[in-house]
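# Structural description and commentary
Single-letter residue listing:
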Amino acid sequence: MKKIKNSGFTLIELMVALGVFMVVMTITLSAFLNIIDIQKKTEAFRKVNDNLNFAMEAMMREIREGTKYCPSGCASGSFSFTNKDADLIKYELDTGGNGGYVKRTKGLDIIRMTSDGIKITNLSFSVRGNGTGDKLQPLVTISISGESGEKEKLKSSLNLQATVSQRKLDSQ
């Protein structure tokens, strides 16, 4: 009589292989989900960085060539001046809607300077040397803060500050 040789795996061997496979898949899946979260956080930071840099550069360019900074005094989060074309320009933080945004007003024209996905949390202006006869060149320090991201874990925030001097000499 010939002896039949059983080939295959036992139930215990299958259970061990299945357990090892499940552990490897769990580790791989958690690493993959972590990479997706990091990518979303990086994208949110890039978005807030691009928006704040654009708003800051646009304000600096126009303020640098302007005059008559805050003729009626600067309110918190607001700055007005006369641009190179003799138009009255006002930059301010508008907190309406789904978070704050930077608003530029020229007469009746209102322009939103930052996109919808960005929430501006702070905008402040500090003006020095804009008094008549003070022999100081006018300087404006702009501080802006913003955040982006839906979930608290994935939010990215950024603070920027820059100082702009008036291009036209005012100290004579």
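Below is a short write-up of the structure. (Residues numbered from 1 in each chain as written. Predicted model: local features only at pLDDT ≥ 70, side-chain atom pairs only at ≥ 80, totals over all residues. Heavy atoms only, no water.)

What follows is about the overall build of the protein chain. When helices and strands are counted, the protein chain shows one helix and seven strands. Along the protein chain, helices and strands appear, N-terminal first, in the series α-β-β-β-β-β-β-β. Compactness check: the protein chain gives a C-alpha radius of gyration of 29 Å against a globular reference of 16 Å for 172 residues, more than 25% above the reference. When the backbone C-alpha atoms are referred to their principal axes, the protein chain occupies close to 120 × 30 × 25 Å. For the protein chain, with 172 residues in total, the buried portion stands at 31%. Within the protein chain, contacts between residues at least 6 apart in sequence are counted, and of these 49% link residues at least 24 apart. Accessible surface, the protein chain: about 11800 Å² in total, of which carbon and sulfur atoms supply 57%. (Helix = DSSP H or I, 4+ residues; strand = E, 2+ residues; numbered from the N terminus. Rg over C-alpha atoms; globule rule 2.2 N^0.38 Å. Buried < 20%, exposed > 50% of the residue type's maximum accessible area, 1.4 Å probe, protein only. Contact = heavy atoms within 4.5 Å. Areas by Shrake-Rupley, 256 points an atom, 1.4 Å probe, with all protein chains shown as cover.)

One open sheet accounts for four strands, arranged β1-β2-β3-β4; its pairing is antiparallel. For this open sheet the edge positions go to β1 (78–82) and β4 (109–112), each flanked by a neighbour on one side alone. Averaged over all pairs of adjacent strands, the angle between strand axes in this sheet comes to 20°, irrespective of strand direction. Relative to strand β3 (residues 101–106), strand β2 (residues 88–94) is paired through six bridges, and the arrangement is antiparallel. Counterpart to isoleucine 89 in the pairing with β3 is lysine 106. Where helix α1 (residues 11–64) meets the sheet, its contacts fall on β1, β2 and β3, and the angle it forms with β2 comes to roughly 150°. (Pairing = 2+ DSSP bridges. Axes fitted to C-alpha atoms, helices over the stretch in contact; angles between N-to-C directions.)

On to the pattern of salt bridges. Note on pairing: side chains with opposite charge can pair once their charged atoms come close. Applying the stated criterion across every chain, the model contains 12 salt bridges. Between aspartate 94 and lysine 103 there is a salt bridge whose closest N-O contact spans 3.5 Å. Classification of aspartate 94 by relative accessible area gives buried; the value is 19%. For lysine 103, a relative accessible area of 14% puts it in the buried group. (Salt bridge = Lys/Arg side-chain N within 4 Å of Asp/Glu carboxyl O.)

Turning our attention to the sheet that holds strand β7 (residues 156–165). Read across the sheet, three strands follow the order β5-β6-β7 without closing on themselves; strand pairing throughout is antiparallel. On the outer flanks of this sheet lie β5 (118–128) and β7, each paired with one strand and no other. Shown here is a sheet whose adjacent strand axes are inclined to one another by a mean of 10°, direction ignored. Both strand β6 (residues 139–148) and β7 contribute to a ladder of 10 bridges, which runs antiparallel. Residue isoleucine 144 lies in a different strand from β7, and its bridge partner there is leucine 160. In the packing of α1 onto the sheet, contacts are made with β5, β6 and β7, and the angle to β7 comes to roughly 15°.

Honestly, that's just the spatial picture; any functional story needs more than this.
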